[in-house]
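Single-letter residue listing:
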Amino acid sequence: LLGMGRQQVDLRLDAILAFAEIGDFVNQPVKTYSSGMFVRLAFAVAVAVEPDVLVVDEALAVGDVYFQRKCHRRIQEMQEAGSTLLLVTHSTDAVERMCSRGVLINRGSKLYDGPVRGAISDYLKLIFGSHAAPESSKAIAANVIGETADKAKETLLESGTADVLSQRPGYHRDEIRVGN
């Protein structure tokens, strides 16, 4: 398994099975496993090898919260021991929690390489768009400021797809919202 000989697998088998926690199912054909059981076993084998570089591609999204936390703890232990984690994911939370560097790739092109927060920010801008409002939105926003709540609501509804919220007092530029 993953470059280990039979003797090495035998030495680590108990640890692999204990980490995977799939019980007696380990004796069943793998084709009968649920996707969660398969990922549990695969992850347990991968971390048992103690690789220099661990590549994790969305695998941490599978399984219950208990197993996810167990995986995160094991990855942290490996990182502290000098292993490198290459985490391929859309989970900004996981990236922020587990990584010290972020690389944003879109359609095969590297768009960003640097601190994690910058990678997350650029990723969210790519997904949701920029908060910069077009000039037409600024004109509508100028009319909304200072209006009564009912009038402001009416103006906002009449503005259609124009992004007028970003022009309102108290708008938080770093928050993410979807819709108009």
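Residues numbered from 1 in each chain as written. Predicted model: local features only at pLDDT ≥ 70, side-chain atom pairs only at ≥ 80, totals over all residues. Heavy atoms only, no water.

A. Structural context of the overall build of the protein chain. Helix and strand content of the protein chain: seven helices and four strands. Going through the 180 residues of the protein chain one by one, you find that 32% of them count as buried. Counting every atom, the protein chain has about 12,000 Å² of accessible surface; 53% of that belongs to carbon and sulfur. (Helix = DSSP H or I, 4+ residues; strand = E, 2+ residues; numbered from the N terminus. Buried < 20%, exposed > 50% of the residue type's maximum accessible area, 1.4 Å probe, protein only. Areas by Shrake-Rupley, 256 points an atom, 1.4 Å probe, with all protein chains shown as cover.)

B. How the structure looks around the packing of helix H2 (residues 35-48) against helix H3 (residues 65-80). In contact at an axis separation of 11 Å, H2 and H3 are set at 15° when each is read in the N-to-C sense. The orientation of H2 with respect to H3, classified from their angle, is roughly parallel. The way H2 lies across H3 gives a crossing that is left-handed. Within the contact between the two elements, H2 uses Arg 40, Phe 43 and Val 47 and H3 uses Phe 67, Cys 71, Arg 74, Ile 75 and Met 78. Partitioned by chemical class, the residues of the contact of H2 with H3 number six nonpolar, no polar and two charged. (Axes fitted to C-alpha atoms, helices over the stretch in contact; angles between N-to-C directions. Parallel < 35°, antiparallel > 145°, perpendicular 65-115°, else oblique. Left-handed = near helix turned anticlockwise from the far one by under 90°. Contact = heavy atoms within 4.5 Å. Nonpolar A, V, L, I, M, F, W, Y, C, P; charged D, E, K, R; others polar.)

C. Molecular detail of the environment of His 90. The residue His 90 is located in the loop between strand E2 (84-88) and helix H4 (92-98) in this model. For the pair His 90 and Tyr 123, spaced 33 residues apart in the sequence, the C-alpha separation amounts to 8.9 Å. Those residues within four positions of His 90 in sequence are excluded, and the remaining contacts are Glu 58 and Tyr 123.

D. The nonpolar core, seen in detail. If you look at the biggest cluster of nonpolar residues, it comprises 28 residues, and the most contacted ones within it are Phe 43, Leu 54, Val 56, Leu 60, Ile 75, Leu 87 and Met 98. Breaking this core down by element, the ones donating at least two residues are helix H1 (6-20), H2, strand E1 (53-57), H3, E2, H4 and helix H5 (116-128). Contacts of Phe 43, omitting those with residues within four sequence positions, involve Phe 19, Val 56, Leu 60, Cys 71 and Ile 75. (Core = buried A, V, L, I, M, F, W, Y, C linked by side-chain atoms within 4.5 Å.)

E. Local environment of a nonpolar patch on the surface. Taken together, the side chains of Val 53, Val 55, Leu 86 and Val 88 make up a nonpolar region of the molecular surface, amounting to roughly 330 Å² of accessible area. Taken together, the elements giving at least two residues each to the nonpolar patch come down to E1 and E2. Note on placement: Val 55 falls in strand E1. For Val 55, a relative accessible area of 53% puts it in the exposed group. (Patch = residues over 30% accessible without salt bridge, like charges linked within 9 Å, V, L, I, M, F, W, Y side chains within 5 Å. Salt bridge = Lys/Arg side-chain N within 4 Å of Asp/Glu carboxyl O.)

That is the geometry; function is a separate question.
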